[in-house]
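Commentary on secondary and tertiary structure
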Amino acid sequence: MSFYEKLTALKIELPTVAVPAAAYVMHARTGNTVFLSGHLAKKDGKVWVGQLGKDVSTEEGKLAARGIAIELIATLQDACGGDLNKVKRIVKVMSLVNSTPDFTEQHLVTNGASELFVEVFGDSGKHARSAFGVAQIPLGACVEIELIAELAE
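Residues numbered from 1 in each chain as written. Predicted model: local features only at pLDDT ≥ 70, side-chain atom pairs only at ≥ 80, totals over all residues. Heavy atoms only, no water.

**Brief notes about the packing of aromatic side chains**
- Here the structure, examined in full by the defined rule, presents 1 aromatic pair.
- Consider the rings of Phe3 and Phe121, whose centres lie 4.7 Å apart with planes at 65 degrees: the pair is edge-to-face. Residue Phe3 is located in helix H1 (residues 3-9), and its partner Phe121 is located in helix H3 (residues 106-121); the two are separated by 118 residues in the primary sequence.
- Assessed through its relative accessible area of 3%, Phe121 is described here as buried. (Phe/Tyr/Trp six-rings, centres within 6.5 Å; stacked < 30°, edge-to-face > 60°. Helix = DSSP H or I, 4+ residues; strand = E, 2+ residues; numbered from the N terminus. Buried < 20%, exposed > 50% of the residue type's maximum accessible area, 1.4 Å probe, protein only.)

**Here we look at the sheet that holds strand S1 (residues 27-30)**
- Read from one edge to the other, the open sheet built from 5 strands follows the order S1-S2-S7-S5-S6, with strand pairing classed as mixed. Here the strands that pair on one side only, and so sit at the sheet edges, are S1 and strand S6 (128-134). Across the sheet, the axes of successive neighbouring strands diverge by a mean angle of 15 degrees, strand direction being ignored.
- The sheet contact formed by S1 and strand S2 (residues 33-40) spans 4 bridges and is antiparallel. Bridged to Arg29 within S2 is Val34.
- Seen against the sheet, H3 touches strand S5 (87-98), S6 and strand S7 (143-151) and runs at an angle of roughly 150 degrees to S6. (Pairing = 2+ DSSP bridges. Axes fitted to C-alpha atoms, helices over the stretch in contact; angles between N-to-C directions. Contact = heavy atoms within 4.5 Å.)

Written out as structure tokens, the structure is:
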């Protein structure tokens with residue numbers, strides 16, 4: 001099953017690629033490696049504001065991370081010239097979770113993205129990752145995730 005067939009089976013429509021909110025690009029490629037800028041969690045089309053351990057639950061954070069993964073896949077498609085079949089593998093995911101000092105489930109929040117990458121890309125979606133708890137994220141977002149992928153030549 002192709003990546004597109006998997007997206008269809010999951011009832012996922014890729015959104016329009018976001019535009020940079022500051023002085024950066026959404027993706028940068030060097031050789032066969034593409035780096036995707038951090039994407040913020042969104043809810044109802046707006047930045048999903050909140051802090052894990054205070055006003056956002058772990059399960060909500062996981063949904064936020066899954067939503068970010070969908071946006072990252074759209075950006076990855078753009079970085080591939082419109083063809084996700086050029087994705088060789090997801091290499092690394094870095095997740096920043098806006099959380100209280102005593103919140104310790106950043107890894108569970110990040111699973112929302114990691115699990116979707118495996119659902120869509122199979123073994124090629126298995127990746128190294130880091131999940132950090134941070135005091136704040138731009139615009140007060142609850143989660144931000146960036147990604148590194150390897151593309152076929």
